[in-house]
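What the coordinates show
One-letter residues, chain by chain:
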Amino acid sequence: MSAVLQEFITHLSPRVTGTLHGSAKLVILDVGSVLLTDQGAVAGDGPADVTLTASEKTFRNILSGDQNPAMAFMSGKLKVDGSNIRALKVSEILTKP
């Protein structure tokens, strides 16, 4: 597993544990995938209720609060496959302090 994936997993696990209903997958272009569930974050490319795809930079900007997820989606920096409602819930979790 790459250091980048491990960093995302370490950062995201506390945010999603016990808060995410269902599952979500973050596809970090040219890096790999992180699967999010209410159990935490793990490296993986399994099935999910919603898949968010973006560059490492875009995800880092979303997590830091420098990029609004809705604006990233509207500008084409963030792609969503699956439930848009679930994507909004995931974006709330990703952007919480």
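Residues numbered from 1 in each chain as written. Predicted model: local features only at pLDDT ≥ 70, side-chain atom pairs only at ≥ 80, totals over all residues. Heavy atoms only, no water.

So, the environment of Asn 68
Topologically, Asn 68 is positioned in the loop between α2 (56-64) and α3 (69-74). The class of Asn 68 is partly exposed, set by a relative accessible area of 41%. For the pair Asn 68 and Ser 91, spaced 23 residues apart in sequence, the C-alpha separation works out to 8.8 Å. At a separation of 2.7 Å, a polar atom in the side chain of Asn 68 contacts the main-chain amide nitrogen of Ala 70. (Helix = DSSP H or I, 4+ residues; strand = E, 2+ residues; numbered from the N terminus. Buried < 20%, exposed > 50% of the residue type's maximum accessible area, 1.4 Å probe, protein only. Polar contact = N/O pair within 3.5 Å; in protein donor to acceptor, adjacent residues only side chain to side chain.)

Re the environment of Leu 26
Along the chain, the position of Leu 26 falls in strand β1 (residues 24-28). For Leu 26 and Gly 40, which are 14 residues apart along the polypeptide, the C-alpha to C-alpha distance reads 13 Å. The residues touching Leu 26, leaving out its near neighbours within four places in the chain, are Leu 12, Gly 32, Ser 33, Val 34, Leu 36, Leu 52, Phe 59 and Leu 94. (Contact = heavy atoms within 4.5 Å.)

Let's talk about the layout of surface pockets
Its boundaries defined by the atoms lining it, the largest pocket holds a volume of some 160 Å³. In this structure, the largest pocket is lined by Leu 52, Asn 68, Pro 69, Ala 70, Phe 73, Leu 78, Val 80, Asn 84, Ala 87, Leu 88 and Ser 91. Of all the secondary structure elements, the ones that give two or more residues to the lining of the largest pocket are α3 and α4 (84-95). Among the elements that make up the lining of the largest pocket, the one with the highest residue count is α4 (four residues). (1 Å grid on protein atoms, 1.4 Å probe; cavity = no way out; pocket = protein on both sides within 12 Å on 5 of 7 lines; lining within 4 Å. Points joined across faces, edges and corners; volume = space filled by probe spheres on them.)

What to know about the packing of helix α1 (residues 3-16) against α2
At a closest axis distance of 13 Å, the pairing of α1 and α2 adopts a crossing angle of 30 degrees. Viewed along their axes, α1 and α2 adopt a mutual orientation that is roughly parallel. Our pair here, α1 against α2, has a crossing hand that is left-handed. Across the interface between the two elements, Val 4, Glu 7, Phe 8, His 11, Leu 12 and Arg 15 of α1 pack against Glu 56, Phe 59, Arg 60 and Leu 63 of α2. (Axes fitted to C-alpha atoms, helices over the stretch in contact; angles between N-to-C directions. Parallel < 35°, antiparallel > 145°, perpendicular 65-115°, else oblique. Left-handed = near helix turned anticlockwise from the far one by under 90°.)

As for the sheet that holds strand β5 (residues 79-82)
One open sheet holds the five strands; their spatial order is β3-β2-β1-β4-β5, and the pairing between them is mixed. Either end of the sheet is taken by a strand with one partner, and the two such strands are β3 (40-43) and β5. Between one strand and the next, the sheet's axes are offset by a mean angle of 20 degrees, whatever the strand orientation. Where β1 and strand β4 (residues 50-54) come together, five bridges link them in parallel fashion. Along β4, the bridge assignment pairs Leu 26 with Leu 52. Docked against the sheet, α2 engages β1 and β4, running at close to 110 degrees with respect to β4. (Pairing = 2+ DSSP bridges.)

Topic: α2
Among the residues making up α2, those that are buried are Thr 58, Phe 59, Ile 62 and Leu 63. Here the buried residues of α2 occupy an arc of 135 degrees about the axis, which is enough to place them on one side. Residues of α2 that are buried in the fold lie against α1, β1, β4, α3 and α4. (Arc of directions from axis to C-beta.)

Treat this as a map of the structure, not an account of what it does.
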